[in-house]
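Descriptive structure summary
Here are the chains, one letter per residue:
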Amino acid sequence: MKFAPYIILLLSFLQLPVLAQDYSQSITGTVIDEHASFPLPGVSVILIGSEPLRGATTDIDGRFTIDAVPIGRHEIGFTYIGYEDRLVSNLLVSSGKQTVVNIGLEEKVNELSEVVVTAASSKHQAINELATVSARSFTVEEASRFSGTLNDPAKMAANFAGVSSASDARNDIVIRGNSPTGVLWRMEGIDIPSPNHFASFGTTGGPVSMLNINNLKNSDFMTGAFTAEYGNATAGVFDLQLRNGNDKRHEFLGQIGFNGFEFGAEGPMSLGRNGSYMANFRYSTLEVIDLLGFDLGVGAAVPQFKDMTFKINLPTENFGRFSLFGIGGMSDISFKGEDSNENDLYGDSNENSAFESKTGIIGLSHLYFMDKNTYSKLVLAVSGTDGSGTIDSLSTEDRSPTRLTGFRNTTTKLSLNYKINRKINSRNTISVGLSADHYNIESRDSTLFADTFRSKTDFEGKAQLFQSYMQWQHRFNDKLSMVTGFHLSQFYFNSSNAVEPRFGLKYEISELASINFGAGLHSQLQPLPVYFTERESQWGYSYLGNEDLDFMRSAQVVLGYDQLLSKQLRFKGEVYYQKISDAAVDSATSSFSMLNAGRDFVLPDNDNLVNEGSGQNYGLELTLEKFFSNNYYFLTTGSLFKSTYKGSDGISRSTAFDGNLVLNALAGKEFKINDRNAFTLDTRLTYALGNKYTALDLEASRAYGVEIRQEDQAFEERFPDYFRHDFKIGFRRNGKRITQTFSVDLQNLTNRRNIFITSYDNRAQDERTTYQRGFFPNVEYKVLF
């Protein structure tokens, strides 16, 4: 019985004895100046609602600890003379792990004499204080709470306004009609390759995330008009931060679910001052079950993956803070034609295929305070990806295999990022920085054409990308602030460059409402594989047909309105316009554009592209969000947008990502059983107009034996509308020094058959429809101790 181990685990979990005693835990953390990042001593930290009133005061390092806090949800207020008050609401305190709160306070421009904790929750604000528009922070609890997210930050972000998911089976996201290839992943200040298992060369998504939310701290997600420190991206930015381990005591984690069997450990280190370590390892759940001899019903197609994340934090007394961090993963899978069916997203009944990928990132950062208003941060990193695959065609007579294609792509990147941040006074902050990336690239493939193997890519070489920026924040007063700057990019592979001015404005109408504006020019290189696609000349030799491609450019403007209707209820609306130029299109007249790349698992291999395409995206986004309070929350988002492009034929068409309408509704309720146990219900509804697609030319496909689309009518067709309902049931139990959680996430509860793609089946000589994932129950158990 496939779910027998989970049922036994659940029964043993619910039968644990109830101990009649009160359980408590510590709340600890650090308070810093939001702009200077310097620790603030003497900050009053108050546990709101405690009787008698309890709290703490930060020490010289800005650290505080409140001991013996009863388990449950709490609210903490921070007050400091000359600074804006901050409030952290609905902080979950559990017995199995210390609760950590790290927060920044903003200095007032006009100091007031009276100090009272009256500030609204900071939940709606981005962690990056320079982001004026189209940015929000997300918490680890959100990523684990929302139904249907599989603890994946990208899938969680698909619930936000302006964002939609490209596929249920992958975590590529579409932001404001832009291709998923326009998303930038950043970790600890370094731009990183796609942090996903089974990722394809040059893409930004994958079927399973390597990111482990248990190792992340609250991070930022941006959907447009981002500040000058971010470059080489036109769609959006994930700015991720790894948390530090507990520097006071050793703690451990165990977890089992869709993302694997997992074990984590953290604790203090004797090296340094308040040093700590944090490490986590995961191993594919399905692979373990398969090794134990259970039949998973997928034949040979068992996804095998493993990953590890770590961070070592070493503060020193006189030489700043050093951090060593890393994330790495390996994955492979094989598909046998005999095990495939028409609903298989990856396999094909007429083919055997195998894919393998490896990704690794390791970095060293150094944060140093020159004085209390100036700091520098240097990050050095090495990252690499290695992906390979083969596809064999199966004979109709005896099913014997014939090699059709094979490939291997390897990239190693050496990265440097250095920034200096100077808070001149309460009104002005300046930040300057630079980054340098050196790529070593090897890309080769071979495909069978008429009994002869030919290569579209056979490249080994180097490339360099240099970026720099400067930005300035000026606060005219406590209500009006401005952020301006510019970003410069230089790609030394072909000497292309980009100059990108940025501007942002925020006006606080009242303590609860603000008008926000952002504008700027954003540029991005083509995905690296595009530059190394070979073209055969009329004289018989091969050359790189796309090596002279320039940056693609996107001029963006956003106007937003943000209103806290109450302390825990937020309304947000934004309108935006994006004008895209220098998009890569075919040199010959066609409807092709790289603006549509990223819909499939691999990138197109067009070999004679020029920067003569264009496009535009515009839309309206609305959000109504009730932050978690009084044991419930809800989030409703609506996105109405249009995304068009022009290829070299000059005809304006919908892009592949012109969804027009996306609606999300999420809600959850926590039922407190007693002081130690809670029962949770979470649900999500998603409705979207169907994806645009280009119809098959069946007559031509049958005549030539390969898939041929009606490219002169590109993206004129639309699939039926998309609908999905997820429902999650959870239970949390606190022991004396242990916290356990158990959940069952029923994804696509109605088992709706949403269309993923249509393709041409040469054996059947007919169109084949592949559907997205059907009903899928995800069972998860987690223990903290």
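Residues numbered from 1 in each chain as written. Predicted model: local features only at pLDDT ≥ 70, side-chain atom pairs only at ≥ 80, totals over all residues. Heavy atoms only, no water.

**A word on the overall build of the protein chain**
Quick reminder of the rule: The numbering of helices and of strands both runs from the N terminus, where a helix is a DSSP run of H or I of at least 4 residues and a strand a run of E of at least 2. Using C-alpha atoms as the atom set, the radius of gyration is obtained and then compared with a globule rule of 2.2 Å times the number of residues to the power 0.38. Only protein chains enter the area calculation, which uses a 1.4 Å probe; residues under 20% of their type maximum are buried, those over 50% are exposed, and those in between are partly exposed. By definition, residues are in contact when any of their heavy atoms lie within 4.5 Å. For this count, His and the chain ends are skipped, Lys and Arg are scored as positive, and Asp and Glu as negative. A charge is said to be at NZ when it belongs to Lys, at CZ for Arg, at CG for Asp and at CD for Glu.
Within the protein chain, the regular secondary structure consists of 6 helices and 46 strands. Relative to the 2.2 N^0.38 estimate, which gives 28 Å for 785 residues, the radius of gyration of the protein chain is 26 Å and therefore close to what a compact globule would have. Each of the 785 residues in the protein chain was classed as buried or not, and the buried ones make up 55%. Put simply, of all contacts in the protein chain between residues at least 6 apart along the chain, 65% involve residues at least 24 apart. Averaged over its 74 positive side-chain charges, the protein chain has a centre that lies 6 Å from the centre of its 91 negative ones.

**Description of the side chain of Arg-282**
Rules: Two N or O atoms form a polar contact when they lie within 3.5 Å of each other; inside protein one atom must be a possible hydrogen donor and the other a possible acceptor, and for residues adjacent in sequence the pair counts only when both atoms belong to side chains.
Here Arg-282 is to be found in strand β19 (residues 275-283). Given the relative accessible area of 2%, Arg-282 is considered buried. There is a polar contact of 3.5 Å between the side chain of Arg-282 and the backbone oxygen of Leu-211. Beyond its immediate stretch of four places on either side in the chain, Arg-282 contacts Ser-209, Met-210, Leu-211, Asn-212, Asn-259, Phe-261, Glu-262, Phe-305, Lys-306 and Asp-307.

**Some thoughts on the sheet that holds strand β16 (residues 236-242)**
Note the cut-off: By definition, two strands form a pair when at least two bridges between them are found by DSSP.
If you trace the 5 strands from one edge of the open sheet to the other, you get β8-β15-β16-β11-β12, paired in mixed fashion. Since the sheet does not close on itself, it has two edges, and those belong to β8 (135-138) and β12 (190-191), each with one partner. By the bridge criterion, 4 bridges tie β8 to strand β15 (residues 216-222) in an arrangement that is antiparallel. What sits directly across from Arg-136, in β15, is Phe-221.

**With respect to the nonpolar core**
Counted only if it meets this: Throughout this description, the term nonpolar core refers to a set of buried Ala, Val, Leu, Ile, Met, Phe, Trp, Tyr and Cys residues connected via side-chain atoms within 4.5 Å.
In this structure, Phe-160, Ile-173, Trp-185, Phe-221, Phe-238 and Leu-240 are the most contacted members of the largest nonpolar core, which totals 34 residues. Those elements that provide at least two residues to this core are α3 (153-157), β10 (173-175), β11 (183-187), β15, β16, β21 (321-335), β23 (374-394) and β36 (632-646). Counting residues in hydrophobic clusters, the runner-up holds 22 residues, among them Leu-525, Leu-528, Val-530 and Leu-603.

**Concerning the environment of His-250**
Here His-250 shows up in the loop between β16 and β17 (251-257). For the pair His-250 and Met-278, spaced 28 residues apart in the sequence, the C-alpha separation amounts to 9.7 Å. Here the side chain of His-250 touches Tyr-277 through a polar contact of 3.2 Å, side chain to side chain.

**Quick word on the confidence of the model for the protein chain**
The following threshold applies: pLDDT is a residue-level measure of predictor confidence that goes from 0 to 100.
Put simply, the protein chain has an average pLDDT of 89, and 93% of its residues get 70 or more. For residues 1-20, every residue scores under 50 in pLDDT, and the model assigns this stretch 24 contacts once sequence neighbours within four places are set aside.

**Section: the pattern of salt bridges**
Selection rule: Every case where a carboxyl oxygen of Asp or Glu lies within 4 Å of a side-chain nitrogen of Lys or Arg is listed as a salt bridge.
Counted by the stated rule, this structure contains 41 salt bridges. In this structure, the salt-bridge partner of Arg-63 is Asp-247, at a minimum N-O distance of 2.8 Å. With a gap of 184 residues between them, Arg-63 in strand β4 (residues 63-70) and Asp-247 in the loop between β16 and β17 connect regions that are remote in the sequence. Two residues, Arg-732 and Glu-670, come together in a salt bridge whose shortest N-O distance is 3.2 Å. Of this pair, Arg-732 sits in strand β42 (residues 722-734) while Glu-670 is found in strand β38 (residues 661-672), placing the two residues 62 residues apart along the sequence. Each of Lys-97, Arg-243, Arg-249, Glu-251 and Glu-266 takes part in a single network of salt bridges with overlapping partners.

**Some details on the environment of Ser-743**
When you line up the elements, Ser-743 lands in strand β43 (residues 739-747). Between the alpha carbons of Ser-743 and Thr-410 there is a distance of 39 Å; along the sequence they are 333 residues apart.

**Section: unusual backbone geometry**
Put simply, Glu-51 and Pro-52 share a cis peptide bond, and its omega is -5°. With respect to the element layout, Pro-52 can be found in the loop between β2 (44-48) and β3 (54-57). For Asn-748, which is not glycine, the phi dihedral falls at a positive 55°. Along the chain, Asn-748 falls in the loop between β43 and β44 (755-761). In this structure, Asn-751 is a non-glycine residue whose phi angle is positive, near 55°.

**Thoughts on the sheet that holds strand β1 (residues 24-33)**
Threshold: To obtain each axis, a line is fitted to C-alpha atoms, and for helices this fit is confined to the stretch in contact; angles are then taken between N-to-C directions over 0 to 180 degrees.
Here we have 3 strands laid out as an open sheet, ordered β4-β1-β7, and mixed in their pairing. Pairing within the sheet leaves two strands with one partner each, and these edge strands are β4 and β7 (99-105). Strand after strand, the sheet turns through a mean of 25° between neighbouring axes, direction not considered. Where β1 lies against β4, 6 bridges are found, and the strand directions are antiparallel. Following the sheet pairing, Ile-27 is matched in β4 by Ile-66.

**What about the packing of aromatic side chains?**
Where we set the bar: We call Phe, Tyr and Trp rings a pair once their centres come within 6.5 Å, taking the six-membered ring for Trp, and we label the pair stacked below 30 degrees between planes, edge-to-face above 60, and tilted otherwise. Charges are assigned to positions over rings by a cutoff of 6 Å between ring centre and Lys NZ or Arg CZ, combined with an angular limit of 35 degrees from the ring normal.
On inspection of all chains with the given rule, the structure shows 28 aromatic pairs. Plain terms: the ring middles of Trp-185 and Phe-238 are 4.3 Å apart, the flat faces sit at 5° to each other, and that makes the pair stacked. Residue Trp-185 is located in strand β11, and its partner Phe-238 is located in strand β16; the two are separated by 53 residues in the primary sequence. Since its relative accessible area comes to 5%, Trp-185 is described here as buried. A centroid spacing of 6.5 Å and a plane angle of 85° characterise the contact between Phe-198 and Phe-305, whose relative ring orientation is edge-to-face. Here Phe-198 is found in the loop between β13 (196-197) and β14 (208-209), whereas its partner Phe-305 is found in strand β20 (residues 304-315), with 107 residues between them in sequence. Pair check on accessibility: Phe-198 and Phe-305 agree, each one buried. The aromatic ring of Tyr-633 is capped on one face by Arg-145, whose charged end is 4.9 Å from the ring centroid.

**With respect to the environment of Thr-58**
With respect to the secondary-structure elements, Thr-58 resides in the loop between β3 and β4. Taking C-alpha positions, Thr-58 is 9.0 Å from Gly-29, a pair spaced 29 residues apart along the chain. Beyond its immediate sequence surroundings of up to four residues, Thr-58 is in contact with Val-31, Leu-40, Pro-41, Gly-42, Val-43, Val-45, Arg-63 and Phe-64. Polar contacts involving the side chain of Thr-58 include one to the main-chain amide nitrogen of Gly-42, which spans 2.9 Å.

**Quick word on the side chain of Ser-395**
Within the secondary structure layout, Ser-395 lies in the loop between β23 and β24 (401-423). Of the residues examined, Ser-395 reaches a relative accessible area of 18% and is grouped as buried. Not counting chain neighbours up to four residues away, the residues in contact with Ser-395 comprise Ser-400 and Arg-763.

**A few points about empty space enclosed by the protein**
Put simply, the rule reads: In this analysis, the protein atoms alone were mapped onto a 1 Å grid. Cavities are point sets where a 1.4 Å probe fits without being able to get out; pockets are open sets with protein on both sides within 12 Å along at least five of seven lines; lining residues have an atom within 4 Å of a point. Grid points are joined across faces, edges and corners, and a volume is the space filled by probe spheres set on the points. Side-chain classes follow a simple rule in which Ala, Val, Leu, Ile, Met, Phe, Trp, Tyr, Cys and Pro form the nonpolar group, Asp, Glu, Lys and Arg form the charged group, and the remainder, Gly included, forms the polar group.
Using the criterion set out here, one finds 8 cavities of 30 Å³ or more in the structure. Considering only enclosed or pocket space, the largest cavity measures out at about 180 Å³ in volume. If you trace the largest cavity, you find 15 residues lining it, with Arg-136, Phe-160, Ala-161, Lys-572 and Thr-623 closest to the centre. Among the secondary structure elements, those contributing two or more residues to the lining of the largest cavity are β8, β34 (569-586) and β35 (609-629). Here the lining of the largest cavity takes 4 residues from β34, the largest share from any one element. Estimates place the volume of the second largest cavity at around 100 Å³. Looking at the second largest cavity, it is lined by 16 residues, and the ones nearest its centre are Ala-225, Phe-226, Thr-227, Phe-503 and Gly-504. Elements with a minimum of two residues in the lining of the second largest cavity: β28 (480-491) and β29 (496-510). When grouped by side-chain class, the residues that make up the lining of the second largest cavity number 9 nonpolar, 6 polar and 1 charged.

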